[in-house]
Amino acid sequence: MPIPMTTRTVRIDKPVSVDDDPVDAVDVWETLADGVGAHLSGPSGSDAGAGREQVDAVLYLGDETYIDRFCRVIDHGNSDEVFAVTYVERVIGFGLDHWKCGLRRVKGEAGA
């Protein structure tokens, strides 16, 4: 069932092959779903070091869409920013079954 209130659309990609380090080592992705209605919580930013920015957010997604912790999410509502999925939690109840997913985006390089 789709979530009742969506604030943007997203694309869900999964790696073509998963090894010991799926997100860092993947250069080939397969799109599982695109144009999916979702709600992205207000991202919380943090300064992860000189020249590096880390943003954490929570994505709420209808349960009809497959997603796991190896996937990535492209946020069409914010210049197609790419987030790695850090966790996936299934929420069930009151006819509002959905996925709650932790997301992380890191830009830049760690300072010396």
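The preceding data block contains the structure.
Definitions and cut-offs
- Residues numbered from 1 in each chain as written.
- Predicted model: local features only at pLDDT ≥ 70, side-chain atom pairs only at ≥ 80, totals over all residues.
- Heavy atoms only, no water.
- Salt bridge = Lys/Arg side-chain N within 4 Å of Asp/Glu carboxyl O.
- Helix = DSSP H or I, 4+ residues; strand = E, 2+ residues; numbered from the N terminus.
- Buried < 20%, exposed > 50% of the residue type's maximum accessible area, 1.4 Å probe, protein only.
- Phe/Tyr/Trp six-rings, centres within 6.5 Å; stacked < 30°, edge-to-face > 60°.
- Lys NZ or Arg CZ within 6 Å of the ring centre and 35° of its normal.
- Polar contact = N/O pair within 3.5 Å; in protein donor to acceptor, adjacent residues only side chain to side chain.
- Contact = heavy atoms within 4.5 Å.
- Disulfide = S-S within 2.5 Å.

Focus: the pattern of salt bridges
- A full pass over the atoms with the stated rule returns eight salt bridges.
- For Arg105, the salt bridge identified is with Glu81, shortest N-O distance 3.7 Å. Taken as a pair, Arg105 in strand β7 (residues 98–108) and Glu81 in strand β6 (residues 81–91) lie far apart in primary sequence, 24 residues in all.
- Since its relative accessible area comes to 9%, Arg105 is described here as buried.
- Owing to a relative accessible area of 14%, Glu81 belongs among the buried residues under this scheme.
- Via salt bridges that share partners, Arg11, Asp13 and Arg72 belong to a single interconnected network.

Observations regarding the packing of aromatic side chains
- On inspection of all chains with the given rule, the structure shows zero aromatic pairs.
- Lying over the aromatic face of Trp99, Arg90 brings its terminal NZ or CZ to 5.3 Å of the ring centre.

Here we look at the side chain of Asp13
- Its location among the elements puts Asp13 in strand β1 (residues 8–15).
- The class for Asp13 is buried, based on a relative accessible area of 1%.
- A polar side-chain atom of Asp13 sits 2.9 Å from a polar atom in the side chain of Arg11.
- Once residues lying within four places of it in the same chain are set aside, the contact partners of Asp13 are Trp29, Glu30, Thr31, Leu32, Cys71, Arg72 and Ile74.

Here we look at the environment of Glu30
- In this structure, Glu30 sits in strand β2 (residues 29–40).
- For Glu30, a relative accessible area of 39% translates into the label partly exposed.
- Each C-alpha atom, one on Glu30 and one on Cys71, is 9.5 Å from the other, the two residues being 41 residues apart in sequence.
- If we ignore the near neighbours within four places in the chain, the residues touching Glu30 are Ile12, Asp13, Lys14 and Val16.

Let's talk about the state of the cysteines
- Counting across every chain of the model gives zero disulfides.
- No disulfide involves Cys71; its sulfur sits 8.7 Å from the nearest other cysteine sulfur, which is in Cys101.
- Residue Cys101 is classed as buried on the basis of its relative accessible area of 0%.

Describing unusual backbone geometry
- One non-glycine residue, Asp80, lies in the positive phi region at around 55 degrees.
- One can find Asp80 in the loop between β5 (72–75) and β6.
- For Asp80, a relative accessible area of 43% corresponds to the partly exposed category.

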